[in-house]
Amino acid sequence: MLRSLVVGRWLAQREIRPLWQALQGVERPALLGTRYRVLGAAPCLLCGQLPRTAFHTSAALSKRRKDKDAKNAIHLNPKALKLEKPKARVVSIWKNMTVLELSKAIERDIDTVFEIFLYVDGSDHYDEPNAPITNLRVAQETVKRAGLRFKIEGSPVKVEQETKNKDAFRRSPAEEEKLVRRPPVVTIMGHVDHGKTTLLDSLRDTCVVQSEHGGITQHIGAFSVQLESGEQATFLDTPGHAAFGAMRARGAMVTDVVVLVVAADDGVMAQTQESLKLAQEAHVPIVVAINKVDKPEADVAGTRKMLLNAGLQLEEQGGEVQAVEVSALTGHNLDQLVEAVVTQAELLNLRSDPTGAVEGVVVESRTDPGRGKVATCVIQRGTLSRGAVLVAGTAWGKVRSMFNDAGKPIMSAPPATPVQVIGWRQLPSAGDVVLEVEGEHRAAEVVEWREAVLKKQQQEDDATAIEEKLQEHLKQYRAQREEKRKMGVRYKLRKRGPRPKENVEEDGPPKVSLVLKGDVDGSVEALLDTFDTYHGTECHLDLISYGVGPVTPSDVNMASMFSGIIYTFNVEVPKEVRTLALKKGVTISEHTVIYHLIDHLKERISAQLPIKEEEEVLGEANVLEEFLITEGRKKVPIAGCRCVKGSLKKNALYRVVRGQETVHEGELSSMRHLKEEVESITRGKECGLCFADHDLRFQSGDTLICYRIKQVPQTTDWDPGF
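If you're wondering where the values come from, they're calculated on a predicted model, not measured in any experiment.

1. Observations regarding the overall build of the protein
In step 1: Helix and strand content of the protein: 19 helices and 36 strands.
In step 2: Looking at the protein residue by residue over its 722 residues, the buried ones come to 40%.
In step 3: When contacts within the protein are restricted to residue pairs at least 6 apart in sequence, those whose partners lie at least 24 apart make up 69%.
In step 4: Carbon and sulfur atoms make up 50% of the accessible area of the protein, which totals about 43300 Å².

2. Here's the deal with the pattern of salt bridges
In step 1: According to the stated counting rule, one finds 32 salt bridges in the structure shown.
In step 2: Between Glu626 and Arg697 there is a salt bridge, with its nearest N and O atoms 2.9 Å apart. Of this pair, Glu626 sits in strand 28 (residues 612–631) while Arg697 sits in the loop between strand 35 (686–691) and strand 36 (703–712), and the two are 71 residues apart along the sequence.
In step 3: What makes Arg697 partly exposed here is its relative accessible area of 45%.
In step 4: Each of the salt bridges in this network shares a partner with another, and the network as a whole consists of Arg170, Arg171, Asp353, Glu359 and Arg381.

3. Considering the packing of helix 5 (residues 99–106) against helix 6 (residues 110–117)
Helix packing for two helices is described by the angle between their axes and how far apart those axes are.
In step 1: Contact pair helix 5 / helix 6: the axes reach a minimum separation of 9 Å and the direction vectors enclose 105°. Here helix 6 runs roughly perpendicular to helix 5, going by the angle between their axes. Taking contact as the criterion, the partners of Val99, Leu100, Leu102, Ser103 and Ile106 in helix 5 are, on helix 6, Ile110, Val113, Phe114 and Phe117.
In step 2: Class assignment of the residues belonging to the contact of helix 5 with helix 6 gives a composition of eight nonpolar, one polar and no charged.

4. Details of a nonpolar patch on the surface
In step 1: A cluster of nonpolar side chains, namely Met558, Met561 and Phe562, defines an oily patch on the protein surface of about 310 Å² accessible area.
In step 2: Summarising the element assignment, Met561 is placed in helix 17 (residues 553–561).
In step 3: Classification of Met561 by relative accessible area gives exposed; the value is 66%.

5. As for helix 5
At 3.6 residues per turn, the α-helix brings residues three or four places apart onto the same side.
In step 1: Looking only at helix 5, the buried set comprises Val99, Leu102, Ser103, Ala105 and Ile106. Along the long axis of helix 5, the arc covered by the buried residues comes to 160°, so they all point the same way.
In step 2: On its buried face, helix 5 is in contact with strand 3 (90–93), strand 4 (97–98), helix 6, strand 5 (132–133) and helix 7 (136–145).
In step 3: Positive backbone phi, at 60°, marks Glu107, one or two positions downstream of helix 5.

6. Focus on the pairing of strand 8 (residues 185–190)
In step 1: Where burial is concerned, most of strand 8 is hidden: six out of the six residues are buried.
In step 2: Residues Val185, Thr187 and Met189 line one face of strand 8 and the alternating positions Val186, Ile188 and Gly190 line the opposite face, and both faces are buried.

7. Here we look at the packing of helix 16 (residues 521–531) against helix 19 (residues 594–608)
In step 1: Between helix 16 and helix 19, the shortest axis-to-axis distance is 12 Å and the interhelical angle comes to 35°. Crossing geometry of helix 16 relative to helix 19 is assigned as right-handed. Within the contact between the two elements, helix 16 uses Ala526, Leu527, Thr530 and Phe531 and helix 19 uses Ile594, Leu597, Ile598 and Leu601.
In step 2: Its residues placed into classes, the contact of helix 16 with helix 19 shows seven nonpolar, one polar and no charged.

8. A look at the pairing of strand 26 (residues 565–569)
In step 1: The buried count for strand 26 comes to five of five residues, which makes it a mostly enclosed element.
In step 2: Side chains Ile565, Tyr567 and Phe569 project from strand 26 onto one buried face, and the interleaved Ile566 and Thr568 project onto a second face that is buried too.
In step 3: In this sheet, strand 26 lies alongside strand 24 (residues 511–518) in parallel orientation, the contact comprising five bridges. Among the inter-strand pairings, Gly518 is bridged to a residue of strand 26, identified as Phe569.
In step 4: With five bridges joining them, strand 26 and strand 27 (residues 587–591) adopt parallel strand pairing. Its bridge partner lying in strand 27, Ile565 is registered against Thr587.

9. Re the sheet that holds strand 25 (residues 540–548)
In step 1: Reading across the sheet, the four strands line up as 25-24-26-27 and stay open at both edges, with parallel pairing between neighbours. The two strands at the open ends of the sheet, each matched to only one other strand, are strand 25 and strand 27. On average, each strand axis in the sheet is inclined to that of its neighbour by 20°, with strand direction left out of account.

10. Quick word on the nonpolar core
In step 1: Of all hydrophobic cores here, the largest spans 23 residues; its most connected members are Leu199, Phe235, Val259, Ala289 and Leu337.
In step 2: Taken together, the elements giving at least two residues each to this core come down to strand 8, helix 9 (196–204), strand 9 (221–226), strand 10 (232–237), strand 11 (257–263), strand 12 (286–291) and helix 14 (334–348).
In step 3: Ranked by residues supplied to this core, first place goes to helix 14 with six residues.
In step 4: Residues in contact with Val259, not counting those within four places in the same chain, are Val186, Thr187, Ile188, Met189, Val287, Ala289, Leu337 and Val341.

11. Some points on the packing of aromatic side chains
In step 1: Within the structure shown, the criterion is met by five aromatic pairs.
In step 2: Ring geometry for Phe114 and Phe117: centres 6.2 Å apart, planes at 70°, overall edge-to-face. Here the residue Phe114 and the residue Phe117 both occupy positions in helix 6, the gap between them amounting to three residues, near one helical turn.
In step 3: Take Phe114: its relative accessible area is 25%, and that puts it in the partly exposed class.
In step 4: Ring centres 5.3 Å apart and planes at 70° place the aromatic pair Tyr534 and Trp718 in the edge-to-face group. Residue Tyr534 is found in the loop between helix 16 and strand 25, and its partner Trp718 is found in the segment after strand 36; the two are separated by 184 residues along the sequence.
In step 5: Put simply, the rings of Phe114, Phe117 and Tyr126 touch in pairs and so form one group of aromatic residues.
In step 6: A cation over an aromatic ring shows up here: Arg371 above the ring of Phe403, its NZ or CZ 4.8 Å from the ring centre.
In step 7: Over the face of the ring belonging to Tyr707 we find Arg655, whose NZ or CZ atom lies 4.4 Å from the ring centre.

12. Side note on the side chain of Thr234
In step 1: Tracing the backbone through its elements, the reader meets Thr234 in strand 10.
In step 2: With a relative accessible area of 1%, Thr234 lands in the buried category.
In step 3: Within the structure, Thr234 has its side chain in polar contact with the backbone oxygen of Ala416 (distance 2.5 Å).
In step 4: For Thr234, the residues in contact, after removing those within four places along its chain, are Pro184, Val185, Val186, Phe223, Ser224, Ala416, Thr417 and Pro418.

13. Side note on unusual backbone geometry
In step 1: Phi is positive for Asn333, close to 60°, though the residue is something other than glycine.
In step 2: With respect to the helices and strands, the residue Asn333 is situated in the loop between strand 13 (322–325) and helix 14.
In step 3: The exposure class of Asn333 is buried, given its relative accessible area of 18%.
In step 4: The phi dihedral of Lys675 is positive, around 70°, even though this residue is not glycine.
In step 5: Owing to a relative accessible area of 79%, Lys675 belongs among the exposed residues under this scheme.

Calculation notes
- Residues numbered from 1 in each chain as written.
- Predicted model: local features only at pLDDT ≥ 70, side-chain atom pairs only at ≥ 80, totals over all residues.
- Heavy atoms only, no water.
- Helix = DSSP H or I, 4+ residues; strand = E, 2+ residues; numbered from the N terminus.
- Buried < 20%, exposed > 50% of the residue type's maximum accessible area, 1.4 Å probe, protein only.
- Contact = heavy atoms within 4.5 Å.
- Areas by Shrake-Rupley, 256 points an atom, 1.4 Å probe, with all protein chains shown as cover.
- Salt bridge = Lys/Arg side-chain N within 4 Å of Asp/Glu carboxyl O.
- Axes fitted to C-alpha atoms, helices over the stretch in contact; angles between N-to-C directions.
- Parallel < 35°, antiparallel > 145°, perpendicular 65-115°, else oblique.
- Nonpolar A, V, L, I, M, F, W, Y, C, P; charged D, E, K, R; others polar.
- Patch = residues over 30% accessible without salt bridge, like charges linked within 9 Å, V, L, I, M, F, W, Y side chains within 5 Å.
- Arc of directions from axis to C-beta.
- Left-handed = near helix turned anticlockwise from the far one by under 90°.
- Pairing = 2+ DSSP bridges.
- Core = buried A, V, L, I, M, F, W, Y, C linked by side-chain atoms within 4.5 Å.
- Phe/Tyr/Trp six-rings, centres within 6.5 Å; stacked < 30°, edge-to-face > 60°.
- Lys NZ or Arg CZ within 6 Å of the ring centre and 35° of its normal.
- Polar contact = N/O pair within 3.5 Å; in protein donor to acceptor, adjacent residues only side chain to side chain.

So this is what it looks like as structure tokens:
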């Protein structure tokens, strides 16, 4: 106490002075609030300063001052003493997660998890690492006891299952001991009207060609033929018309042997070369049938030479391809052709596995009014029976009944057998691979997966198109911006008046809207491929919809909305649909031959084309001399002419040609012959012509061409290739 009460000069100078110097920079209110003791002196009320020798401090007062300052700080900010606790990590848990997955989630070993289970109710039977935790409360309590927090999410296993490929595929090659011999699949190919169907009729003793419209095959047919040797063979009859290229391609891909039919009177034609190319690309052996050798104009030697020029070397020319001269109409040498096909099949040693899941190919599909959706398939592996669940493309079905090529019901179909399958939920497309699956649930799963893949591909294509459109827009925008900068325009002027419509319907070129209905999928496909060859700009071809089966009221309503026409190919139009079409003013154009349909469509397109103006020259005259006559107070030039070609008409148009240059085009105001006003001048006569333009002057030697403009309807230049 004595030490705190006595202040000497030495203490004031040694200890107080540095403290006093430090307090010189502190604001006065802060200085006044500082804890201090003075002896006999107080701070000045005006300036707040203390006498240098009057300031005193001590260790006890300093400690008390620090404690008080801390309390004041806590009072002003209560959160200052609260320590922030680290937040616990959040762990994702889900129902039916295993003990091992839980240990990985909380980042503890499996033994630690089992120790925590000792204190968690209901965890007694979770004693294996792969045991699923069905009780979600056990997982929640375990995470809490591990000092963590949790959040409930969906199982990641489901996400993996969604990304897993659920498609159905062909089986791996069968073992050697399971393979048995099967009949060959023979495809007859060639140019149109070369006798392919007649040849097949002769082999199977039928008359299919008589039932074909126009005498040409327009569908792909699958037939089972009993050969004279007792063996079975499956024949595919493909169309030879140029429009059915996709059908020929499918026939070449599912066949074992190709019989290339070439007419001896025509030789190698366009579709002959196409069929030959398809067979060579598919690496299928070829047997050539030179047909129509019984005709007087047949040239067998020339046909063989044309085949060599087309790249097909026959046995007589040192090659490996057999060629048989036949007559499908009389049956000449058909046994030799069959023998050549059987020999080729034996060399191929054709075998297949008749057991297990069925594999095949859709050859053709159609909608039958009485039986529903029907698909003609060729079985390649396994044996198809009733009740089997099949998947083909994005269609699936359960086999309700089966029929052979003669229309008779069958109970089973071994490999290389053509069969008509009924029971499809959706109509499969020709060329789709047929696969048998475990059940309806699996079939629906496969179809759903394939549709999702197609949808994703479509979205990617749309995204690419959108990106290209965006880049095109940006390129155009940058060009316009650069042009504005060059012009010195920095800011776009604000337009006055109402805002224009964003979607403005402009009158574009005319268009022909149509709805297409066909009897089978292959025919519709051929017509669509033919439509793709149209690239006209003066008239657009708008395909509203297409499908397989008869015309429905919805087709009529859709065609009525777009002012379109309905084209049918080998399908019937119900009476009630025809009445509805007549009521709505919709035209239904029915056809049974493909090129008749295309010709009618070309006429419709030509009718929509704008009228074209053409110039028709009527005559020609030479100017002999110019005359000036007086009409009122004005001199009017008259051309004295002689007609040298055709005739001159007063109401026609005239062109004045001087040298190589046209100096005037216009009408006449007067045509006279020997002072008489006439309407026409024939060749060799002289006349005087006065033009409506009186400022026109003539020179001797000028040529006057008389012509008129006539309106001519245009014809489309669409060439579908046949």
